[in-house]
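Remarks on the overall topology
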Amino acid sequence: MTRVAIEKRVLSENDAEAAVIRQRLRREGTLCLNLIGSPGAGKTALLERTLERLSSENAVAVLTGDIQTDCDARRLMRYGHPVRQITTAGACHLDARMVARHLEGWPGHLDLLLIENVGNLVCPTSYDLGEDAKVVLLSVTEGEQKPLKYPGIFKKADLMILTKTDLLPYVSFDLERVRTNARLIHPAIEIIETSATTGAGLDEWIGWLAARAAGKQAQAEREVEHAGR
Amino acid sequence: MHEMGIACSILEAIQRELLPYPEKRAVKVAVRVGEMAGVDAESLRFCLEAITKNSESGPLELEIEICRSDELELAYLEIDDAERQVTA
């Protein structure tokens, strides 16, 4: 019997594909975010309000993943920004190969690429898509224990967006408790409270996006300048 | 929930590792699964059994080491080298 040491990540093929995407987006200065949340957490609603607020001067595109249907792409296309649907036909997450395939032939430069993952708090966590950051969405109707029950995604996400805060008067959801739980798993996680219905918190979210996008763009420019020397 | 996908990735990785050893067969694979990896060890075992038991390559023993982290790694592979013993 011969024993061969491997010592590689099981998903190293996915990681390699993600690295190619990351390199391309870095060169182009495109900020890429991977939005993850349960089915019904409000990912598409947040994206609708986001696209609505970003003018056509912002080069923004969306990849939206679902197991079946192009309902989300059709919802999102109404705002005048390019949108592509990824239908996974059963897979519970997006992987880097699906993203790479759907990025082929994308028109021109993008400032921002938003990827809406398949509704699921578990599996999407394992697959790097070449994003700059994962953003986890948690609706106030889901309960404040979620960061403890699904620690993986809350540990890996830079930002937690609490959604549907307009429903707080009608549900027993303890805002302070959810903040404590999230920070127990990930002390540095940023938190924004939003409502796609009333618009509360959306300015803060757009501000967060703009700051991140500017940072990414500045980094790309510095690298071009550096390479030119 | 995505253990079947993970099991398929393990098989693909094994096939890549076996490229330098044509005619040889993997009999055992050791995988490290972190507690925070979001992968259920028993479900992974079930999926890997399901996709290997009737395959040409035959049964594959799976050793799972649970560790504290979010890693999901292939540790090592054992290859059946009966052929080598016969010729020795």
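Here is what the cut-offs are and how they apply
Residues numbered from 1 in each chain as written. Chains lettered and ligands numbered in written order. Predicted model: local features only at pLDDT ≥ 70, side-chain atom pairs only at ≥ 80, totals over all residues. Helix = DSSP H or I, 4+ residues; strand = E, 2+ residues; numbered from the N terminus. Contact = placed C-beta atoms within 7 Å. Axes fitted to C-alpha atoms, helices over the stretch in contact; angles between N-to-C directions. Parallel < 35°, antiparallel > 145°, perpendicular 65-115°, else oblique. Left-handed = near helix turned anticlockwise from the far one by under 90°. Nonpolar A, V, L, I, M, F, W, Y, C, P; charged D, E, K, R; others polar. Buried ≥ 20, exposed ≤ 12 C-beta atoms within 10 Å, placed from the backbone. Pairing = 2+ DSSP bridges.

**Describing the environment of R3 of chain A**
Its place among the elements puts R3 of chain A in strand β1 (residues 2-9). Counting along the chain gives 90 residues from R3 of chain A to H93 of chain A, while the straight-line C-alpha distance between them is 33 Å. Setting aside anything within four residues of it in sequence, one finds R3 of chain A in contact with Y76 and E78 of chain B.

**Comments concerning the packing of helix α1 (residues 3-18) of chain B against helix α2 (residues 41-52) of chain B**
Residue and element names in this part refer to chain B. Where α1 contacts α2, the axes come no closer than 8 Å and their chain directions differ by 55°. It follows from the interaxial angle that α1 and α2 lie oblique. In this structure, α1 meets α2 at a crossing whose hand is right-handed. Residue-level contacts link E3, M4, I6, A7, C8, I10 and L11 of α1 to S43, L44, C47, L48 and I51 of α2. Among the residues forming the contact of α1 with α2, the class breakdown is ten nonpolar, one polar and one charged.

**Quick look at the pairing of strand β7 (residues 157-163) of chain A**
Residues and elements named next belong to chain A. Burial within β7 is extensive, with five of its seven residues counted as buried. One ladder, built from six bridges, connects strand β6 (residues 133-139) with β7; its direction is parallel. Within β7, the residue paired with V136 across the bridge is M160. Sheet topology places β7 next to strand β8 (residues 190-193); four bridges connect them, and they run parallel. Its bridge partner being in β8, M160 is matched across the sheet by I191.

**Observations regarding the sheet that holds β7 of chain A**
Residues and elements named next belong to chain A. Overall, parallel pairing links the seven strands, which are arranged β4-β3-β5-β2-β6-β7-β8 in an open sheet. This sheet does not close on itself; its edge strands, each paired only once, are β4 (83-87) and β8. Direction aside, the axes of adjacent strands within the sheet are offset by 20° on average.

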